[in-house]
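# Fold and contact review
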Amino acid sequence: MTVRTDLVDRLRAGPCSISALARELGLRKADVEDALTHALRSARAAGWIVDVVPARCRTCGFVFDEARLAKPGRCPSCRGSRIFEPQLALRTP
C-alpha cells in the first residue's frame, strides 16, 4: 500500500493529528504533511467528507483557520506556543 492510502485508511478510523499519523506510520511529519494534502484531495473527490478540528491555543483559546493542517508555532493573539494540534478525520456522507 502507498502512504496516501495508509493515511486515508487511518483517518477513516477516527480523528488524528499529523504528528500521531507520522508516529503510527513511521514517517517524518514533513512527509505526512505533503502526502496528506494529496490524500485529502483524493478523498474529497471520492465522496468522503473531511472533518477538521482546527488548532487552538491552550493559553487564550484562539482558534486557527481550518485550512491550516499543520500545528502553528505561536498564537497571533497572545504569542504563546502552547497549541493543540488540529485533528483530522474522514467520514461518509
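Structure's up top.
Below is a summary of the structure that appears in this document. (Residues numbered from 1 in each chain as written. Predicted model: local features only at pLDDT ≥ 70, side-chain atom pairs only at ≥ 80, totals over all residues. Heavy atoms only, no water.)

## So, the overall build of the chain
- Across its full length, the chain holds 3 helices and 4 strands.
- Computed over its C-alpha atoms, the radius of gyration of the chain comes to 14 Å, within 12% of the 12 Å expected for a compact globule of 93 residues.
- Principal-axis analysis of the C-alpha atoms gives the chain an extent of 40 × 30 × 20 Å.
- Expressed as a percentage of the 93 residues in the chain, the buried residues total 33%.
- Contacts in the chain between residues far apart in sequence, at least 24 positions, make up 53% of those at least 6 positions apart.
- Surface summary for the chain: the accessible area is close to 5,600 Å², and the carbon and sulfur share equals 49%.
- Of the charged side chains in the chain, 16 are positive and 10 negative; the average position of the first set lies 7 Å away from that of the second. (Helix = DSSP H or I, 4+ residues; strand = E, 2+ residues; numbered from the N terminus. Rg over C-alpha atoms; globule rule 2.2 N^0.38 Å. Buried < 20%, exposed > 50% of the residue type's maximum accessible area, 1.4 Å probe, protein only. Contact = heavy atoms within 4.5 Å. Areas by Shrake-Rupley, 256 points an atom, 1.4 Å probe, with all protein chains shown as cover. Lys, Arg positive; Asp, Glu negative; His and termini not counted. Charge placed at Lys NZ, Arg CZ, Asp CG, Glu CD.)

## Topic: the environment of A43
- Note on placement: A43 falls in helix α3 (residues 29–45).
- Between the alpha carbons of A43 and G73 there is a distance of 28 Å; along the sequence they are 30 residues apart.
- Beyond its immediate stretch of four places on either side in the chain, A43 contacts W48 and L90.

## Focus: the pattern of salt bridges
- For the coordinates displayed, the defined rule picks out 4 salt bridges.
- R28 is the salt-bridge partner of D31, the closest N and O atoms lying 3.2 Å from each other.
- What makes D31 partly exposed here is its relative accessible area of 33%.
- According to the relative accessible area criterion, R28 is exposed, its value standing at 55%. (Salt bridge = Lys/Arg side-chain N within 4 Å of Asp/Glu carboxyl O.)

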